[in-house]
Number of protein chains: 2
Amino acid sequence: MAPETVTLADLVESRDIGQLRDWLEEQGALDIADELARLEPHLRPVPFRLLPKDRALAVFEALDTVHQSELLDALADVDVDELFVGLDADDRARLLDELPAKVARRLLDGLPEWARRNTNILLGYPEESAGRQMSPRFVSIRSSMTAADALTKVRRAGLRSREVLVLPVTDDERHLVGVVDLPDLVTAPVGTRVEELTNPDTYTVQVDDDQELAARLIQEADLVALPVLDHEDRLVGVLTVDDAMEVIEQEETEDIHRAGGVEPLSVPYLEAGVLLLARKRALWLLLLGVAAVLTVTVIGGFEDRIEEVSTLALFIPLLIDTGGNSGAQASTVVIRAMAVGEVRLADLPRILRRELLVGMMLGAMLGLLAFVPVWLFIDIGFATVISLTLFFICVWATFAGGLLPPIAKKLGIDPAVFSAPVITTLVDATGLLIYFSIAVAVLGI
Amino acid sequence: MAPETVTLADLVESRDIGQLRDWLEEQGALDIADELARLEPHLRPVPFRLLPKDRALAVFEALDTVHQSELLDALADVDVDELFVGLDADDRARLLDELPAKVARRLLDGLPEWARRNTNILLGYPEESAGRQMSPRFVSIRSSMTAADALTKVRRAGLRSREVLVLPVTDDERHLVGVVDLPDLVTAPVGTRVEELTNPDTYTVQVDDDQELAARLIQEADLVALPVLDHEDRLVGVLTVDDAMEVIEQEETEDIHRAGGVEPLSVPYLEAGVLLLARKRALWLLLLGVAAVLTVTVIGGFEDRIEEVSTLALFIPLLIDTGGNSGAQASTVVIRAMAVGEVRLADLPRILRRELLVGMMLGAMLGLLAFVPVWLFIDIGFATVISLTLFFICVWATFAGGLLPPIAKKLGIDPAVFSAPVITTLVDATGLLIYFSIAVAVLGI
């Protein structure tokens with residue numbers, strides 16, 4: 001926003017290659033990627049071609065897959081193959097998913113044999129599985145090796161830095177025995193046996209396990225890498241912490257979008273076409289609209305009474321908003337507690353007891369606060385109706401908000417579908433029923 | 001849930017120490033911590049005391065600070081001091097925040113001099129700052145050293161594994177020159193100079209920088225550790241990826257809670273008292289309730305017309321729900337895009353143009369779909385009113401949902417306060433105004 005900030009777009013427009021080169025030298029790979037993504041796609045190759053090879057790869061790695069695929073599209077074939085082989089196998093697999101099948105095939109064919117094999121291994125695992133996200137390259141060592149032997153093996157492997165932070169220890173059948181942290185190997189006396197350095201708490205996942213499960217395990221256990229095993233419990237890859245963080249960000253975005261009643265967008269906001277943005281919202285908006293027809297039916301059933309006492313209509317939005325809000329609050333808190341593993345299905349009775357109490361407290365508070373103003377502005381009969389309705393709506397909505405997400409989970413549905421908009425719409429019709437029933441009973445209409 | 005699963009609670013109740021010990025040996029530290037947290041607080045020391053010392057520390061580290069502080073409370077003083085000194089300085093600082101001042105003081109006094117100093121350094125930085133989360137222990141090396149010299153220094157330092165994954169390179173004034181990844185040091189020929197191994201893209205943060213900013217940088221740049229500098233740009237600590245993941249989880253929980261109209265809970269759901277749960281929701285519920293009084297005023301202004309045409313009341317919830325939902329969808333998507341850095345304030349015009357178009361598409365869809373049913377069930381006049389209202393409410397709510405979060409950010413407020421419930425409540429009164437104005441104009445009432 002500050003006027004003195006020179007953006008990459010300005011520099012590209014000015015066509016001053018010298019200044020552009022200076023700017024690229026000053027910035028980190030991350031900032032360059034960030035600015036690159038904000039350029040018009042056809043302009044992106046201009047600064048990108050000015051980068052030295054190793055930085056170009058670092059910048060390319062920092063781009064979203066959407067931007068990667070656009071950039072590949074804009075670059076000449078020769079540059080493309082070079083970039084593509086420089087990627088990690090898991091990043092390559094993700095990018096291939098994004099590309100048109102024809103381009104993907106051509107790129108795969110252009111890879112050297114070893115890289116193609118690694119990529120194809122990952123592509124064989126289901127999307128969003130731990131296997132799809134792992135790196136198939138690792139250095140495995142043996143219990144019987146000395147620390148010095150093991151370090152020699154690490155040196156010879158020539159892998160990337162993040163691929164050797166944790167070293168899996170395997171037996172003759174490629175079964176995992178444990179893991180050793182590279183620093184422990186480095187700091188141990190040279191003659192120490194790997195056996196003595198092996199971590200007693202070794203966590204693993206299966207190739208087919210959900211990527212989020214694996215990523216959350218890395219997070220909870222403070223790991224830098226997690227061994228991934230096949231169905232015969234043989235080691236086939238390692239999931240690293242940087243990929244875990246990416247998975248978590250992606251899953252959290254999905255959860256947050258669902259919580260707002262939006263189908264998850266898989267591309268960055270500004271890259272998504274307006275039509276895509278609308279499509280991701282249309283279905284929920286429509287479903288919720290159809291569900292809201294129930295409220296029309298409920299009000300229709302009491303239309304005569306409203307005609308008689310039009311004051312009844314006054315409080316409809318206030319009451320259903322309050323129900324919706326308290327339901328949304330409860331479901332938000334419970335869904336999050338489930339997502340981070342703080343509560344389990346077995347805790348359902350405890351959740352319900354707590355939400356019922358919370359609903360009663362909040363309902364009592366609102367009911368008491370509303371009584372005097374409504375009495376003053378209308379009459380004591382209406383004040384009674386509004387206070388009682390606020391109480392029961394709060395209790396009911398809070399209870400429903402606590403109940404529905406665990407029920408969804410039990411049925412194998414993502415609890416996050418019970419988002420604020422869904423809960424709001426669901427408790428609206430029942431809230432109106434509560435309201436009119438109390439009004440009929442108290443006011444005798 | 002499965003009946004054959006033996007829980008820790010069952011074992012503790014059975015008082016079978018042998019079985020308890022077997023169970024503890026079979027489980028990972030993470031699972032033990034998980035089960036321990038689910039025991040009644042006074043029972044937790046029983047299994048905990050059976051753990052060998054190093055595992056006890058691992059389990060203790062895996063507990064939430066709330067559970068850590070409860071466990072310390074239940075253990076004897078002697079065990080406590082030992083556990084406390086075994087923690088990382090940043091974990092210790094977090095735990096001290098949680099403890100009663102008296103206990104905190106006693107524990108600090110019980111620490112050896114070096115540990116107390118490290119902890120006090122962190123406690124001197126503001127809460128939620130990068131300085132508060134970093135580890136003040138690291139091994140800094142010099143550009144002029146050889147790889148072998150540097151490795152010797154790492155070996156002598158005797159730090160924990162995760163503290164040496166990345167080695168900061170500093171000059172005589174403790175200014176950061178760059179960083180070297182430990183694996184690069186290990187795999188380089190022994191005579192290589194540190195200079196040649198230094199990473200060209202070195203990211204840093206300041207001690208006072210927000211913890212989320214630092215954690216997101218680690219995530220975006222795929223780092224395992226990030227150097228933290230003081231105001232004179234001298235290196236004072238290193239923030240590691242495991243702490244970054246914890247920070248991100250905590251920040252996402254806050255965002256998700258806010259998105260549901262709940263003040264963030266800082267303790268696990270089942271640990272929070274019912275009163276605390278209610279208090280975290282009461283303020284927002286009350287504020288939203290007060291804001292909803294506006295809807296009463298709007299309807300009050302049109303009460304005569306409703307008395308005349310009671311059919312008007314039928315559609316109130318349907319229309320305001322749709323407005324609320326489309327507004328919530330827009331704000332959810334925009335808030336998330338801002339949180340992960342996909343859009344900036346400068347993108348506001350682009351956001352508004354897109355949301356306006358999306359709102360028009362969704363509004364047109366709903367308006368068209370509603371026309372025929374309303375015509376069939378009521379009449380063509382009402383069908384026109386409902387269709388037009390749906391269109392304009394959708395456009396307005398989507399526009400407001402896209403506009404308000406960036407405006408909040410510009411004013412220095414967390415954009416997440418424009419949660420689904422807040423947007424819903426805000427667009428309700430205006431939605432009713434749109435509805436009644438169109439009804440008056442079209443139906444001539």
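What you see is a predicted model; the values in this text were computed from it and never measured.

With that settled, consider the overall build of chain A. The number of helices and strands found in chain A is 23 helices and five strands. Its C-alpha atoms give chain A a radius of gyration of 29 Å, more than 25% over the compact-globule value 22 Å for 445 residues. C-alpha atoms of chain A, sized along the principal axes, occupy 90 × 60 × 40 Å. In chain A, once contacts between residues fewer than 6 apart in sequence are set aside, the share between residues at least 24 apart is 68%.

Strand pairing in a sheet relies on backbone hydrogen bonds, with the paired strands running either antiparallel or parallel. All names here are of chain A. Read across the sheet, three strands follow the order E3-E4-E5 without closing on themselves; strand pairing throughout is mixed. The open sheet has two edge strands, strand E3 (205–206) and strand E5 (235–240), and neither has a second partner. Relative to E5, strand E4 (residues 225–229) runs antiparallel, the two being bridged by five bridges. Bridged to Pro-227 within E5 is Val-238. The sheet contacts of helix H16 (residues 241–259) involve E4 and E5, and relative to E5 the element is tilted by about 65 degrees.

Residues Trp-396 and Ile-423 of chain A together with Trp-396 of chain B are the most contacted members of the largest nonpolar core, which totals 132 residues. Counting residues in hydrophobic clusters, the runner-up holds 97 residues, among them Met-134, Leu-165 and Val-194 of chain A together with Ala-225 of chain B.

This next bit is on the domain arrangement of chain A. Domain annotation of chain A identifies domain 1 (8–124), domain 2 (147–240) and domain 3 (269–443). A separation of 48 Å is found between the C-alpha centroids of domain 1 of chain A and domain 3 of chain A.

Looking now at the relation of the copies chain B and chain A. Turning one copy of the chain about an axis and sliding it along that axis gives the other copy, so a rotation and a shift relate them. Rotating chain B by 180 degrees and translating it 0.0 Å along the rotation axis places it on chain A, where the RMSD comes to 0.1 Å. Put plainly, the chains are arranged around a two-fold axis. The C-alpha atom lying nearest the rotation axis in chain B is that of Glu-307 of chain B; the distance is 2.9 Å. Of the residues that chain B buries at the interface, 100% are likewise interface residues in chain A, meaning the two copies contact each other through the same surface.

Residues and elements named next belong to chain B. Within the open sheet, the three strands sit side by side as E3-E4-E5. Their pairing is mixed. Because the sheet does not close on itself, it has two edges, and the strands there are strand E3 (205–206) and strand E5 (235–240). Across two bridges, E3 lies against strand E4 (residues 225–229) in parallel orientation. Of the residues in E4, the one forming a bridge with Gln-206 is Leu-229. Helix-sheet contacts for helix H16 (residues 241–259) involve E4 and E5, and the interaxial angle to E5 is about 65 degrees.

This part takes up the pairing of E4 of chain B. All names here are of chain B. Of all five residues in E4, five are buried; the element is thus mostly enclosed. Of the two faces of E4, the one lined by Ala-225, Pro-227 and Leu-229 and the one lined by Leu-226 and Val-228 are each fully buried. Following E4, the chain reverses through five residues before pairing antiparallel with E5; Asp-233 in that reversal takes a positive phi of roughly 60 degrees.

Attention now goes to the interface of chain B and chain A. Many analyses report the size of an interface as the accessible area lost when the parts associate. With 96 residues of chain B in contact, the opposing surface of chain A contributes 96 residues. Looking at the side of chain B that touches chain A element by element, the count peaks at 15 residues for helix H20 (residues 316–339) of chain B. The class makeup of the residues in the side of chain B that touches chain A is 57 nonpolar, 20 polar and 19 charged.

Residue and element names in this part refer to chain B. Even without glycine at this site, Asp-222 takes up a positive phi of about 55 degrees. Along the chain, Asp-222 falls in the loop between helix H15 (211–220) and E4. Its identity as a non-glycine residue notwithstanding, Asp-233 has a phi of 60 degrees, on the positive side. As for its position among the elements, Asp-233 is in the loop between E4 and E5.

The next thing to look at is helix H15 (residues 211–220) of chain A. Residues and elements named next belong to chain A. Among the 10 residues of H15, eight are classified as buried, and the element is accordingly described as predominantly covered. Of all the residues in H15, the buried ones are Gln-211, Ala-214, Ala-215, Arg-216, Leu-217, Ile-218, Gln-219 and Glu-220. Two residues or fewer after H15 comes Asp-222, characterised by a positive phi angle close to 55 degrees.

All names here are of chain B. Between H20 and helix H23 (residues 420–443), whose axes approach to 8 Å, the crossing angle comes to 135 degrees. Accordingly, the angle class assigned to the pair H20 and H23 is oblique. H23 is crossed by H20, and the crossing has right-handed handedness. Where H20 approaches H23, its residues Leu-319, Ile-320, Gly-323, Gly-324, Gly-327, Ala-328, Ser-331 and Thr-332 are matched on the opposing element by Ala-420, Ile-423, Thr-424, Val-427, Asp-428, Gly-431, Leu-432 and Tyr-435. In the contact of H20 with H23, the residues fall into eight nonpolar, seven polar and one charged.

Next up on the list: the packing of helix H3 (residues 29–38) of chain B against helix H5 (residues 53–62) of chain B. Axes are the key here: two packed helices are described by the angle between their axes and the distance separating the axes. Residues and elements named next belong to chain B. Close contact between H3 and H5 brings their axes to 8 Å; oriented N to C, the two are set at 60 degrees. Here H3 is positioned oblique relative to H5, judged by the angle of their axes. Once H3 is placed against H5, the crossing between them reads as right-handed. Contacts between H3 and H5 involve Ala-29, Leu-30, Ile-32, Ala-33 and Leu-36 from the first element and Arg-55, Ala-58, Val-59 and Ala-62 from the second. Tallied by class, the residues present in the contact of H3 with H5 amount to eight nonpolar, no polar and one charged.

A word on the environment of Asp-304 of chain A. All names here are of chain A. Turning to its location among the elements, Asp-304 is positioned in helix H18 (residues 303–308). The class of Asp-304 is exposed, set by 11 C-beta atoms lying within 10 Å. Distance from Asp-304 to Asp-208, taken between C-alpha atoms, is 59 Å for residues 96 residues apart in sequence.

Take the confidence of the model for chain A next. On average, residues of chain A carry a pLDDT of 89, and 99% of them reach 70 or more. For this predicted complex, the interface confidence score (ipTM) comes to 0.83, while the overall pTM stands at 0.84.

Summarising the element assignment, Thr-430 of chain B is placed in helix H23. In this structure, the C-alpha to C-alpha distance between Thr-430 of chain B and Thr-295 of chain B, residues 135 residues apart in sequence, is 8.2 Å.

Residue position: Pro-41 of chain A is located in the loop between helix H3 (29–38) and helix H4 (45–49). A residue is classified by how many C-beta atoms lie within 10 Å of it, and Pro-41 of chain A, with 14 of them, is partly exposed.

Conventions we followed
- Residues numbered from 1 in each chain as written.
- Chains lettered and ligands numbered in written order.
- Predicted model: local features only at pLDDT ≥ 70, side-chain atom pairs only at ≥ 80, totals over all residues.
- Helix = DSSP H or I, 4+ residues; strand = E, 2+ residues; numbered from the N terminus.
- Rg over C-alpha atoms; globule rule 2.2 N^0.38 Å.
- Contact = placed C-beta atoms within 7 Å.
- Pairing = 2+ DSSP bridges.
- Axes fitted to C-alpha atoms, helices over the stretch in contact; angles between N-to-C directions.
- Core = buried A, V, L, I, M, F, W, Y, C linked by C-beta atoms within 7 Å.
- Buried ≥ 20, exposed ≤ 12 C-beta atoms within 10 Å, placed from the backbone.
- Domains from an automatic or database assignment.
- Least-squares fit on C-alpha atoms with pLDDT ≥ 70 in both.
- Nonpolar A, V, L, I, M, F, W, Y, C, P; charged D, E, K, R; others polar.
- Parallel < 35°, antiparallel > 145°, perpendicular 65-115°, else oblique.
- Left-handed = near helix turned anticlockwise from the far one by under 90°.
- pLDDT = per-residue confidence, 0-100.

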